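Single-letter residue listing:
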Amino acid sequence: MTAVLDLTTTTRTSSTLRAENLSAWFGKRKVLERCSLGMAANTVTALIGPSGCGKSTFIRMLNRMHELVPSAQMAGSVYLDDTDIYGGGLTAPEVRREIGMVFQKPNPFPSMSIRQNVLAGLALSGTRTSGHDELVERCLRGAGLWNEVKDRLNDNGAGLSGGQQQRLCIARALALKPKVLLMDEPCSALDPISTRVIEQTIAELAAEVTIVIVTHNMQQAQRVSNTCAFFLVEDYGQPGRIVEFGITTDMFGNPTDQRTADYVSGRFG
Amino acid sequence: MSIFELDNPMLDVPKPRVVERTTGAERVFTFLSSASAMVTLIIVGATLGFLIHDGWPAIRQTGLVNFLTSSSWVADAGIYGVGGLLIGTVLIAFIALSCAVPLSLGMALFINEYAPKRIRFVLVGAVDLLAALPSLIYGIWGLYALSGQASKIARWLSDHAGAIPLFRLTRPDAQLVSSGFIGGVVVAMMITPIITSVARDVMNQVPRELCEGALALGSTKWGMVRTVILPFGRGGIVGASLLGFGRALGETVAVAIIVSFSYKANSHVLERGAGSIASLIFTKFGEAKQGERGGLMAAGLALFVMTFAVSFVARKIVANSEKKAGIV
Amino acid sequence: MSSATDVSTQMNIDSGLTADDPRLDIPRNLGGSQLQNLDGLLLPIVSGIAVSLLARFVLDWDGLMSTVVVAVIAAMAFVWVGTRERSGSLVATNSVVTALVWLSGTVAIGAIVWMLVFVIEKGSKRFGLSYFTHDMAKVGPLDPGGGVLHSIVGTLEQVGIAATFSIPISVLTAVYLHEIRGRISTVVRFIVNAMTGLPSIVSGLVVYALWVSGHGYSGAAAAAALTILMIPTVTRTAEEILRTIPDHYREGALALGAQRWRVVVKVVLPAARSGLITATILGVARAIGETAPVRLTALGTQAFNGNPFKDPQSNLTTFVWDQVRSGNAVQIERAWTGAMVLVVMVLVLFTAARFVSSRGSSSKGR
């Protein structure tokens, strides 16, 4: 029944991500309160909960995108392995090279070809590598897109279907070899077949990167994740909190908190 | 056969539309609007018509080619050459554009991306207000405040940038006031708010997710601007610049106040003396007799055609870039 | 399965903050957005200026322009080199661009402020009640005194007549184009769009040739020229405003059984009201500032002429123009005050337009 998560293992290239007592504000309105979560290396952690509970805000604090909103403020820390990403040692762009993000609405750069899109992250972050062709192929394979686009790498990036665009964005994020990949509802704008392909991709990617995924779809959370965190807002005007977290099968089969049980059985949504 | 039998062929043919009865009020309303549209058409069309009607004889008298290329304007002989003035108009507008576009672009980027949020609102209002200020104000400010400084800049340019033919002087002691260059600089101040306003508007419409996409890849602010915002806003920026160019072409008062008038094209822009078609009309209308008035109308027509062409292209480009943005 | 507080224990870390620490409820200071940070640029910029001043002293230049150019180049070079050492060439480029953008922003703002201060400073010398109550009738060029009464009346009358004609015509034409979409719509729209680009002086020229040369200068002729200018611009803006009114307003009204004219008069126009008022105010502001067409049609006088239909009439812009051209100090002072009055008028109208438009959009709940 109870399982202690062994969060001290580290593996080759990916990393442990630890959020401690994260709180977030937009102006004077507090939207998250004291959220703590450990995301072990090479695991897939799903953040679930009804709309408006702060899941997106939480995930955006993990790669310092939250502070782009002028009125946004935060408290607490996020540790990538042992470094506080909000500490003085790292700048925000440096953090984002290690912790990548895929967004809800696919956003390939319309002024670039498929190939250029994959390599865009390198130019933008000032990373130099050689062997661009191999990198493009490896990332597109990793994103499950290679077979569909290998003959048209120079076509415009925005001309693909929604599901293909999203996989292109995944490939683009992978090109920087991040340690963690954050995904904010990556499939909610896509059709079921594209969703299935991307879920398969996530399963394969977990071997190389730690993945954190926000999802509205509980079945998706059960399909793809190892661990799960349940976010909830008690009432109007209250900040979001993590009510429960743990191994996915346990959360869904045998939740500890009554509210979790209600949510996963669909008694409220 | 009744209509309710399923094999009635009338079921496959569309019924004629019902023409509605209109009440009195509706008819009055439609009449008023149509009449207004008609009045607009008449007023505006007649203006254009008279311009052509009165100007064409003068063009025909001088010969179209002569009209467009020669610089001699001899009213009594019926010769009206605006060649020099056409070049002068374009030259002044061009100088204005080269000063205004970099400044406007920098200002637009500054307002959208770099300025602190609190003063952004004030800046947007200030820019819009400046675009509404009368050109006369720019003209007198340019004359009294800017002329002195600008002629020093002209002196510096002729001393140090003499390699560029545009900046050479005919004589070492040529006068550097009341020149096309200074006129161009003042017109630049006038069109900068317009270009800034339109360019800023277009660049503001870039979808946030594209910007976030670049930043999420670890890009710096300039990287994001270069990869996302500038390509996205390219059409709008070009269109805005052309819009500004069109206004510069038609600018009358500022040029008339600052530049000392001359018929010939003056490629030594730093020197005194230049002319635009608008200042020609402004200076000569009072004493012009019937024939010369026709010449002035012809000049006005030429100016109108020029500004129309530029604005037309500009609007097409801006509309095109907004359409592309909608699809993306 | 675990609650928030167990995470720390399980992960064996010591972050120095227990879960009850009150510091966890206060936002952290992240030092501002580092992508915009100017602090790191201050030193290089100052060094660049210093280098330029030094060069000027040593090499004995005397040009302000040269000093400025060298200062800018040197400052950018220092920014580049300095940042590159610390953070690499990517961030260095970013810093240089940031510095340049701030530079152009400051230059533009500086020019704006300079212009306004200049106008106000020169114009306030003669500002006073007498300026508004006298005209130039018995005042010689070098005499003190005199005022703009005749010009203000002229401006108000001419622009007033022009607005009275052009605004209703323009709005109704816009209604025709967008709501009724009659048969001549394409032609009207095309010609309206074309004529928005008409240089203002050409409008004055046409009225001059057609009317003034035969019947003499008058304020009404100026009003005519202004009308020709206002109609295309106001029509086009009004049509754009009508286009922003969502169709579901119209459909709602039609579904309740309203006829088209009622839909327009009772639903569309009220919804567009604030936008249309703004467009009107801005059109009037532009007309007030027109110089060339007015000069060609009403010429301008020294004395008061309250009748716009006969005889030349002064206008604020013509007044400023004439005084400025005269070349003597007294006239020029008067001109500056007139210019300041113009600026204040446009400023007031503009602020009114913004106020109306912001109230309009807030009442719609946007």
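In what follows, the structure referred to is the one given above.
For clarity, every value in this text was computed on a predicted model and none was experimentally measured.

Cut-off values and rules
- Along each chain, numbering runs from 1 in the same order as the chain's sequence is written.
- Chain letters start at A and ligand numbers start at 1, both assigned in the order the entries are written.
- Owing to the predicted nature of the model, reporting of local features is limited to residues with pLDDT of at least 70; listing and counting of side-chain atom pairs is limited to 80 or more, with chain, interface and lining totals taken over all residues.
- With hydrogens and water set aside, each side-chain value is computed from the structure's full complement of heavy atoms.
- Only runs of H or I of at least four residues qualify as helices and only runs of E of at least two qualify as strands under DSSP, and these elements are numbered from the N terminus.
- Atoms counted for the radius of gyration: C-alpha only. Globule rule: 2.2 Å times the number of residues to the power 0.38.
- Each residue is assigned to one of three classes by its accessible area relative to the maximum for its type, calculated with a 1.4 Å probe on protein chains only: buried under 20%, partly exposed between the two thresholds, exposed over 50%.
- Here, two cysteine sulfur atoms that lie within 2.5 Å of each other are counted as a disulfide.
- Any pair of Phe, Tyr and Trp rings, taking the six-membered ring for Trp, is counted once the centres come within 6.5 Å. Such a pair is stacked with planes under 30 degrees apart, edge-to-face with planes over 60 apart, and tilted for the rest.
- Definition used: whenever NZ (Lys) or CZ (Arg) falls within 6 Å of the ring centre and also within 35 degrees of the ring normal, the charge is taken to sit over that ring.
- Contacts between residues were defined by any pair of non-hydrogen atoms, one from each residue, lying within 4.5 Å.
- Throughout, the accessible surface (probe 1.4 Å) given up by two parts as they are put together, summed over both, is called the buried area.
- In what follows, salt bridge is the name for a side-chain nitrogen of Lys or Arg lying within 4 Å of a carboxyl oxygen of Asp or Glu.
- What qualifies as a polar contact is a pair of N or O atoms within 3.5 Å, subject to a donor-acceptor requirement within protein and to the restriction that residues adjacent in sequence count only when both atoms come from side chains.
- Residues are grouped as follows: Ala, Val, Leu, Ile, Met, Phe, Trp, Tyr, Cys and Pro are nonpolar; Asp, Glu, Lys and Arg are charged; every other residue, Gly included, is polar.
- When DSSP finds two or more bridges between two strands, those strands count as paired.
- Here the nonpolar core consists of buried residues drawn from Ala, Val, Leu, Ile, Met, Phe, Trp, Tyr and Cys, with membership extended through side-chain atoms lying within 4.5 Å.
- Between N-to-C directions, angles cover 0 to 180 degrees, with each direction set by a line fitted to C-alpha atoms, over the stretch in contact for helices.
- Relative orientations are named as follows: roughly parallel for angles under 35 degrees, roughly antiparallel for angles over 145 degrees, roughly perpendicular for angles from 65 to 115 degrees, and oblique for any other angle.
- In this scheme the crossing of two helices becomes right-handed for a clockwise turn of the near helix relative to the far one and left-handed for an anticlockwise turn of less than a right angle.

Visitor: Help me understand the overall build of chain A in this model?
Guide: The helix and strand inventory of chain A stands at 10 helices and 10 strands. At 18 Å, chain A has a C-alpha radius of gyration in line with the 18 Å of a compact globule built from 269 residues. Its C-alpha atoms give chain A principal-axis dimensions of about 55 × 40 × 35 Å. Relative to its full complement of 269 residues, chain A shows a buried share of 59%.

Visitor: Looking at this structure, I do not really get the state of the cysteines. What am I missing?
Guide: What we call a disulfide is simply a covalent bond connecting the sulfur atoms of a pair of cysteines. Residues and elements named next belong to chain A. According to the stated counting rule, one finds zero disulfides over all chains in the structure shown. Among the cysteines around C169, which has no disulfide bond, C187 carries the closest sulfur, lying 12 Å off. The class for C169 is buried, based on a relative accessible area of 5%. Free of any disulfide, C228 has its nearest neighbouring cysteine sulfur in C53, separated by 13 Å.

Visitor: Mind showing me how you'd approach the packing of aromatic side chains here?
Guide: Two numbers describe a pair of aromatic rings. These are the distance of the centres and the angle of the planes. Summed over all chains, the structure comprises 11 aromatic pairs over all chains. For the pair C:Y208 and C:Y217, a centre-to-centre distance of 6.3 Å together with 40° between the ring planes defines the contact as tilted. A cation over a ring is seen here: A:R172 above A:F109, with NZ or CZ 4.4 Å from the ring centre. The ring of B:Y114 carries B:K221 above its face, with NZ or CZ at 5.5 Å from the centroid.

Visitor: What should I look at first to understand the interface of chain B and chain A in this one?
Guide: Frequently, the measure chosen for interface size is the accessible area that the parts lose on association. Contact with chain B, which involves 17 residues of that partner, is made by 22 residues of chain A. Together, the buried faces of chain B and chain A total about 1700 Å²; carbon and sulfur atoms form 68% of this surface. Summed over the shared surface of chain B and chain A, the number is two salt bridges. B:E212 serves as the salt-bridge partner of A:R60, at 2.5 Å between the closest nitrogen and oxygen. Here chain B and chain A share three residue pairs in polar contact (both at pLDDT 80 or more) between them. For the side of chain B that touches chain A, the secondary-structure elements that each account for two or more residues are α7 (208-216) and α8 (221-250) of chain B. Looking at the side of chain B that touches chain A element by element, the count peaks at seven residues for α7(B). Tallied by class, the residues present in the side of chain B that touches chain A amount to eight nonpolar, six polar and three charged.

Visitor: I'm lost on the pairing of strand β6 (residues 99-102) of chain A in this one. Help?
Guide: For a regular strand, side-chain orientation follows a simple rule: the groups alternate between the two sheet faces. All names here are of chain A. The alternating pattern of β6 places I99 and M101 on one face and G100 and V102 on the opposite face, and all of these are buried. Pairing of β6 with strand β7 (residues 180-184) involves four bridges; the strand directions are parallel. Looking at β7, one finds that G100 is bridged to L181.

Visitor: Is there a simple way to explain the nonpolar core in this structure?
Guide: Nonpolar side chains tend toward joint burial in soluble globular proteins. Ranked by internal contacts, the top residues of the largest apolar core, which has 266 residues, are A:L47, A:F58, A:L62, A:F109, A:L140 and A:F231. Broken down by element, this core gets its largest block of residues, 14 residues, from helix α3 (residues 83-114) of chain B. Excluding residues within four positions of it along the chain, A:F109 makes contact with A:N117, A:A120, A:L124, A:R172, B:L210, B:G213, B:A214, B:L217 and B:V228. Counting residues in each nonpolar core, the second largest holds five residues, with C:L41, C:V79, C:V96 and C:A99 among its members.

Visitor: Please explain the side chain of A:T45 as it appears in this structure.
Guide: Residue and element names in this part refer to chain A. When you line up the elements, T45 lands in strand β3 (residues 44-48). Relative accessible area serves as the criterion here: at 1%, T45 is assigned to the buried category. A polar contact of 3.0 Å, which involves the side chain of T45, links it to the side chain of T227. Ignoring sequence-local partners within four residues, the contact set of T45 consists of L37, M39, I211, V212, I213, S225 and T227.

Visitor: Even after reading the chapter, I still don't get the pairing of strand β9 (residues 227-233) of chain A, so can you show me in this structure?
Guide: Residues and elements named next belong to chain A. With six of seven residues buried, β9 is to be regarded as a mostly interior element. Note: β9 against strand β10 (residues 240-247), seven bridges, orientation antiparallel. Each residue of the ladder has a partner; that of V233, found in β10, is G240. Counted along the chain from β9 to the antiparallel partner β10, the turn is six residues long, and its residue G237 has a positive phi close to 80°.

Visitor: Would you explain the interface of chain B and chain C in this entry?
Guide: Facing 77 residues of chain B, the contacting portion of chain C comprises 81 residues. With both chains or domains summed, chain B and chain C bury close to 7500 Å², and 81% of this area falls on carbon and sulfur atoms. Residue B:D128 is joined to C:R354 by a salt bridge in which the shortest nitrogen-to-oxygen separation is 3.7 Å. One can count four residue pairs in polar contact (both at pLDDT 80 or more) joining chain B with chain C. The set of elements that each furnish at least two residues to the side of chain B that touches chain C consists of α1 (24-62), α3, α4 (117-132), α5 (135-160), α8, α9 (253-258), α10 (277-284) and α11 (290-327) of chain B. Top contributing element to the side of chain B that touches chain C by residue count: α1(B), with 21 residues.

Visitor: What should I look at first to understand the packing of helix α6 (residues 149-180) of chain C against helix α9 (residues 219-244) of chain C in this one?
Guide: Residue and element names in this part refer to chain C. As a packed pair, α6 and α9 sit with axes 7 Å apart at the nearest point and diverge in direction by 30°. Classed by the angle they form, the pair α6 and α9 counts as roughly parallel. Handedness of the crossing formed by α6 with α9: right-handed.

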